[in-house]
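Read off the chains here:
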Amino acid sequence: MATKKPRRTAERILEVTLDLFNRFGEPNVSTTLISAELGISPGNLYYHYPAKDELINALFGRYEKALSELLGAVDNVRDVEDAWLFFHMLFELIWQHRFLYRDLNDLLSKNRKLETHFQNVLAQKTQAMQGMLGGLQQSGALNIQVREAVPTANAMVVLLSYWLSFEYVRDPRNALEPDRAGEALMRGAFHVLGLLLPYLEPSSRDHLFRLAGKYQGGAGDGKA
């Protein structure tokens, strides 16, 4: 049993750190606050994670792994409903690690590992978006030329990367609170897919609006 305790403690530290980072933003959370929230000594925290950057890198590593697995599922997207579900899952994963996106520029400027690895994340997202467009085109849901697909995929990645920042600017006091997650994810999914509206076949376009209309607030109501 003694050999399992450090592993459990290390995992608990990450879970509490993620919650604090998400709630208050990484720059506003000190290792002293983390250890106090856990009810452990700073020395115990440092034993597992000797520096704050190691906590950030460990959390980013978990996010990067989960993201890579999820993006691999893009090969199964063949219609608007598949895409709607895929983006909800993708935004949910981003929401679970929203501190990364909330403080992205600050984190990248201070952490060389994140700087290089986040470039890989953008490349993976771009490749996945291009793959999705190809799949939708192949299934007949989408009619888009190659020269249009590249900038469209890039625009989708921009929205994925900065949607939560946009939500935060709209309502700084409440946007990133847990009870706002459902609305934020729904709006994000619709607006990313909204980039495809000029290229969707009429039946797929109508289906997208029907899917969005099922959610409270109506993502397709024209509101920002």
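Look up a bit, the structure's there.
Below: a short report on this structure.

Reading guide: rules and limits
- Residues numbered from 1 in each chain as written.
- Predicted model: local features only at pLDDT ≥ 70, side-chain atom pairs only at ≥ 80, totals over all residues.
- Heavy atoms only, no water.
- Helix = DSSP H or I, 4+ residues; strand = E, 2+ residues; numbered from the N terminus.
- Buried < 20%, exposed > 50% of the residue type's maximum accessible area, 1.4 Å probe, protein only.
- Contact = heavy atoms within 4.5 Å.
- Areas by Shrake-Rupley, 256 points an atom, 1.4 Å probe, with all protein chains shown as cover.
- Lys, Arg positive; Asp, Glu negative; His and termini not counted.
- Charge placed at Lys NZ, Arg CZ, Asp CG, Glu CD.
- Core = buried A, V, L, I, M, F, W, Y, C linked by side-chain atoms within 4.5 Å.
- Axes fitted to C-alpha atoms, helices over the stretch in contact; angles between N-to-C directions.
- Parallel < 35°, antiparallel > 145°, perpendicular 65-115°, else oblique.
- Left-handed = near helix turned anticlockwise from the far one by under 90°.
- Phe/Tyr/Trp six-rings, centres within 6.5 Å; stacked < 30°, edge-to-face > 60°.

Another point: the overall build of the protein chain. For the protein chain, the helix and strand inventory stands at 11 helices and 0 strands. Starting at the N terminus and ending at the C terminus, the protein chain contains elements arranged as α-α-α-α-α-α-α-α-α-α-α. C-alpha atoms of the protein chain, sized along the principal axes, occupy 60 × 35 × 30 Å. The buried share among the 224 residues of the protein chain stands at 44%. Taking the contacts inside the protein chain whose residues are at least 6 apart along the sequence as the reference set, 72% of them involve residues at least 24 apart. Approximately 11,600 Å² of the protein chain is accessible, and the part contributed by carbon and sulfur atoms is 52%. Side-chain charges in the protein chain split into 25 positive and 26 negative, and the spacing between the mean points of these groups amounts to 4 Å.

By size, the foremost hydrophobic cluster in this structure holds 72 residues, and its most contacted members are Trp84, Phe86, Phe87, Leu90, Met129 and Met132. No other element matches helix H5 (residues 80-96), which puts 10 residues into this core. If we ignore the near neighbours within four places in the chain, the residues touching Phe86 are Leu70, Leu71, Ala73, Val74, Val77, Met129 and Met132.

This next bit is on the packing of helix H8 (residues 112-139) against helix H9 (residues 146-170). The description of two packed helices rests on the angle between their axes and on the distance between the axes. The interhelical angle for the contact between H8 and H9, taken along N-to-C directions, is 130 degrees, at an axis separation of 9 Å. In terms of orientation, H8 and H9 fall into the oblique class. Regarding H8 and H9, the two cross each other, and that crossing is right-handed. Mapping the contact onto sequence places Leu122, Lys125, Thr126, Met129, Gln130, Met132 and Leu133 in H8 and Ala149, Val150, Thr152, Ala153, Asn154, Met156, Val157, Leu160 and Ser161 in H9.

According to the stated counting rule, one finds 8 aromatic pairs in the structure shown. Centroid distance Tyr63 to Tyr101: 6.0 Å. Interplanar angle 85 degrees. Geometry classified as edge-to-face. One end of the pair, Tyr63, is in helix H4 (residues 52-71); the other, Tyr101, is in helix H6 (residues 98-102), and 38 residues separate them in sequence. By the burial criterion, Tyr63 is buried, and Tyr101 matches it. An aromatic cluster is built from Phe60, Tyr63, Tyr101 and Phe118, whose rings are joined through pairwise contacts.

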